[in-house]
Amino acid sequence: MWVSYLFELMFIVDVSAERVSSLGKDWHRPCLKCEKCNKTLSPGSHAEHEGKPYCNNPCYSALFGPKGFGRGGTESHTFK
């Protein structure tokens, strides 16, 4: 029981130390992920659309960037 409590306490301390701010919110570092591909993102180095985080390339470019072959570098990415 005591060991379980200590493990939970270590987890709480570890998660709170990994807090980052982005898009006007506080996030646990592992929770700041691209909405499309689930890649973990760094604050300030990602795109935002309607309050949701996206990796700059390829997800944001492919979903919301210019359309057409050779535009936005997305020709090799297909999203379903």
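Definitions and limits used
- Residues numbered from 1 in each chain as written.
- Predicted model: local features only at pLDDT ≥ 70, side-chain atom pairs only at ≥ 80, totals over all residues.
- Heavy atoms only, no water.
- Core = buried A, V, L, I, M, F, W, Y, C linked by side-chain atoms within 4.5 Å.
- Buried < 20%, exposed > 50% of the residue type's maximum accessible area, 1.4 Å probe, protein only.
- Contact = heavy atoms within 4.5 Å.
- Pairing = 2+ DSSP bridges.
- Helix = DSSP H or I, 4+ residues; strand = E, 2+ residues; numbered from the N terminus.
- Phe/Tyr/Trp six-rings, centres within 6.5 Å; stacked < 30°, edge-to-face > 60°.

By the naming in an unreviewed UniProt entry, the chain goes by LIM zinc-binding domain-containing protein and is assigned to Cyprinus carpio carpio.

Draft legend 1. Region of interest: the nonpolar core. Membership of the largest hydrophobic core is limited to eight residues, which are Val-20, Trp-27, Leu-32, Cys-34, Leu-41, Tyr-54, Cys-55 and Cys-59. Those residues within four positions of Leu-41 in sequence are excluded, and the remaining contacts are Leu-32, Lys-33, Cys-34, His-46, Pro-53, Tyr-54 and Cys-55.

Draft legend 2. Spotlight on the pairing of strand 2 (residues 25-28). Of the strand pairs in this sheet, strand 1 (residues 19-22) and strand 2 are connected by four bridges, and their pairing is antiparallel. Paired with Ser-22 across the two strands is Lys-25, which belongs to strand 2. Once strand 1 ends, the chain turns through two residues before running back antiparallel as strand 2, passing Leu-23 with a positive phi of about 55°.

Draft legend 3. Main features of the packing of aromatic side chains. According to the stated counting rule, one finds two aromatic pairs in the structure shown. Between Tyr-54 and Phe-64, the aromatic rings sit 5.3 Å apart at their centres with planes inclined by 75°, giving edge-to-face as the arrangement. Of this pair, Tyr-54 sits in strand 4 (residues 52-54) while Phe-64 is found in helix 2 (residues 56-64), placing the two residues 10 residues apart along the sequence. With a relative accessible area of 32%, Phe-64 lands in the partly exposed category. Taking the centre distance of 5.3 Å and the plane angle of 50° together, the rings of Tyr-60 and Phe-64 count as tilted. Highlighted residues: Tyr-60 and Phe-64, both in helix 2, separated by four residues, approximately one helical turn. Tyr-60 sits in the partly exposed class, given a relative accessible area of 27%. Aromatic rings pair up to connect Tyr-54, Tyr-60 and Phe-64 into one cluster.

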